[in-house]
Every structure is written in structure tokens, then in C-alpha cells.
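Fold and contact review
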Amino acid sequence: MLRALYDWTIRMADHPRALWVLAVISFAESSVFPIPPDVLMIPMILARPSRAWLIAAVALVSSVLGGMLGYAIGAFAYDSIGQPILAALGKGEAMDAFNTRFNDFGFWAVLTAGVTPFPYKVITIMSGWTGMPLGTFVATSILARAVRFFLVAGLLWKFGAPIRDFIERRLGLLTIVFVVLLFGGFLLTRYL
């Protein structure tokens, strides 16, 4: 099933309404859909580099709005919708222990999940379930998703197809390094 979804997503990159498809996939990926929008973004940007920034902006706005749906699922329907989604992703067992620590690191959890390949939907649902302040969640989601989508768009716009393999293989590692550097920078400024 996952392979069929992936193949469908790739086919949609050439569709005349690809931006709308990207918006729907970005929205759904933030709360329930298993395929990340990058799978559609990359071929769309390679096909039309002049639209790289528009494509990234559509993914950003749609993803944050979808993240708000994930937040609402966690806040208002965790037991009936959120918990089964997290259980299907293999995250159901650790939820109680995670809940007690989550809001202490909520900003970093949302930032990390929004930038890295970690399933963002897990964090959106958890943010609502644990009662993270909505303003913090939205602001951090905007920052994280902007970094992720505009970084991919910028690299593809600048370097084109040769960077595609690099992005697909090493984006997770690069974004983790970015988050560690960002976190280190905050710690450095706090204690200096």
C-alpha cells in the first residue's frame, strides 16, 4: 500500500493541478498521511525551478494548517483518533511516559520533527494531547517547516537534479546537525 501511495504521489508531480495536490498532501501529512510532501516537491521543483519558492510556500502553509488539525486531533479526539494513528506508527506504548516530559521540550520537539524526517504528525498530535500552548506550537511549526521546505527548494533551485540524490539520502542527517547547532547556539547565548 505504501508503495502505491508513493507511486501515485510521484505521478501527481506532472499533473496540471500539482500545486493543489501538494497542498492536500502537505496538509494530510501533518496529521494522518504517511508520505512526506518532499516526495512531490522535489520533482515539481526539478521540472519548474522558477516556481521553487511558490512550491515551498504552498507546502509550508498547507503543512502548518494540517499540523493544526493534528493538534486538534490530539486535543479533542486523542482516544478515538489520535491514539490509533500513533499506535499504527509504533508510538503507542511510550505515550504516557512521553507526555510527562513533552511540554518541557515542546519547542524543540516540534522544531526537530518539523525539520527532520521524523513523522511530524506524531508531534502535532502529541502537542494537542499534552496541551502545549497553541501559539508556541504554531510559531515553531512555521519556523520548522519553513526551514525544511525552503532549504529543499533553495538547494534544488540552485543546484538542480544533481542535488536530488544528496537531499534524499542526507537531508535527515543535515537537518539533525542544523538543529543541534541551533540548540547549541541558544545554549551558548543563554550562558554567555
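The structure this text deals with has already been given above.
Below you will find a few notes about this structure. (Residues numbered from 1 in each chain as written. Predicted model: local features only at pLDDT ≥ 70, side-chain atom pairs only at ≥ 80, totals over all residues. Heavy atoms only, no water.)

**Comments concerning the overall build of the protein**
- On a plain count of helices and strands, the protein comes out with 10 helices and zero strands.
- Each helix and strand of the protein, ordered N terminal to C terminal, gives the series α-α-α-α-α-α-α-α-α-α.
- Sequence-distant contacts, at least 24 apart, represent 77% of the contacts inside the protein between residues at least 6 apart. (Helix = DSSP H or I, 4+ residues; strand = E, 2+ residues; numbered from the N terminus. Contact = heavy atoms within 4.5 Å.)

**Considerations on the packing of helix H4 (residues 52-76) against helix H8 (residues 120-130)**
- Closest axis-to-axis distance for the H4/H8 pair is 6 Å, and the angle between their directions is 50°. Relative to H8, H4 is oriented oblique. Every pair of crossing elements has a handedness; the one defined by H4 and H8 is right-handed. Here Ser 63, Gly 67, Gly 70, Tyr 71, Ile 73, Gly 74 and Ala 75 of H4 come into contact with H8, specifically with Tyr 120, Thr 124, Ile 125, Ser 127, Gly 128 and Trp 129. (Axes fitted to C-alpha atoms, helices over the stretch in contact; angles between N-to-C directions. Parallel < 35°, antiparallel > 145°, perpendicular 65-115°, else oblique. Left-handed = near helix turned anticlockwise from the far one by under 90°.)

**Some points on the packing of H8 against helix H9 (residues 134-159)**
- Close contact between H8 and H9 brings their axes to 12 Å; oriented N to C, the two are set at 170°. Judged by the inter-axis angle, H8 sits roughly antiparallel to H9. Of the residues in H9, those in contact with Tyr 120, Thr 124 and Ser 127 of H8 are Phe 137, Ser 141 and Arg 145.
- Among the residues making up the contact of H8 with H9, the classes are represented as two nonpolar, three polar and one charged. (Nonpolar A, V, L, I, M, F, W, Y, C, P; charged D, E, K, R; others polar.)

**Structural notes on the pattern of salt bridges**
- Across all of its chains, the model carries three salt bridges by this definition.
- Its salt-bridge partner being Glu 29, residue Lys 121 comes within 3.9 Å of it at the nearest N-O pair. You can see Lys 121 sitting in helix H8 and its partner Glu 29 sitting in helix H2 (residues 18-29), a full 92 residues away along the chain.
- The class of Glu 29 is buried, set by a relative accessible area of 5%. (Salt bridge = Lys/Arg side-chain N within 4 Å of Asp/Glu carboxyl O. Buried < 20%, exposed > 50% of the residue type's maximum accessible area, 1.4 Å probe, protein only.)

**Quick notes on the environment of Leu 134**
- Within the secondary structure, Leu 134 is located in helix H9.
- Spatially, the C-alpha atoms of Leu 134 and Tyr 71 are 8.3 Å apart, while their sequence positions differ by 63 residues.

**Focus on a nonpolar patch on the surface**
- A contiguous nonpolar patch, built from Phe 27, Val 61, Leu 65, Met 68, Leu 69 and Leu 134 and spanning about 480 Å² of accessible area, is present on the exposed surface.
- Element by element, the count of residues in the nonpolar patch is highest for H4, at four residues.
- We classify Leu 134 as partly exposed; its relative accessible area is 41%. (Patch = residues over 30% accessible without salt bridge, like charges linked within 9 Å, V, L, I, M, F, W, Y side chains within 5 Å. Areas by Shrake-Rupley, 256 points an atom, 1.4 Å probe, with all protein chains shown as cover.)

**Concerning the packing of aromatic side chains**
- In total, this model carries three aromatic pairs according to the counting rule given.
- Relative to Phe 150, the ring of Trp 53 has its centre 6.2 Å away and its plane inclined at 10°; by these criteria the two rings are stacked. Placement of Trp 53 in helix H4 and of Phe 150 in helix H9 is noted, with a sequence separation of 97 residues between them.
- Residue Trp 53 is classed as partly exposed on the basis of its relative accessible area, which comes to 38%.
- On the numbers, 5.7 Å between centres and 50° between planes, the contact of Trp 53 with Trp 157 is tilted. Of this pair, Trp 53 sits in helix H4 while Trp 157 sits in helix H9, and the two are 104 residues apart along the sequence.
- Under the relative-accessibility criterion, Trp 157 is labelled partly exposed at 47%.
- Clustering of aromatic rings is evident, with ring pairs tying together Trp 53, Phe 150 and Trp 157. (Phe/Tyr/Trp six-rings, centres within 6.5 Å; stacked < 30°, edge-to-face > 60°.)

**Examining the nonpolar core**
- Core analysis: the biggest nonpolar cluster contains 46 residues, and Leu 22, Leu 40, Met 41, Met 44, Ile 45, Ile 55 and Phe 137 have the highest contact counts within it.
- Those elements that place two or more of their residues in this core are H2, helix H3 (38-47), H4, helix H5 (78-88), helix H7 (106-115), H8 and H9.
- With nine residues, H4 is the largest single contributor of residues to this core. (Core = buried A, V, L, I, M, F, W, Y, C linked by side-chain atoms within 4.5 Å.)

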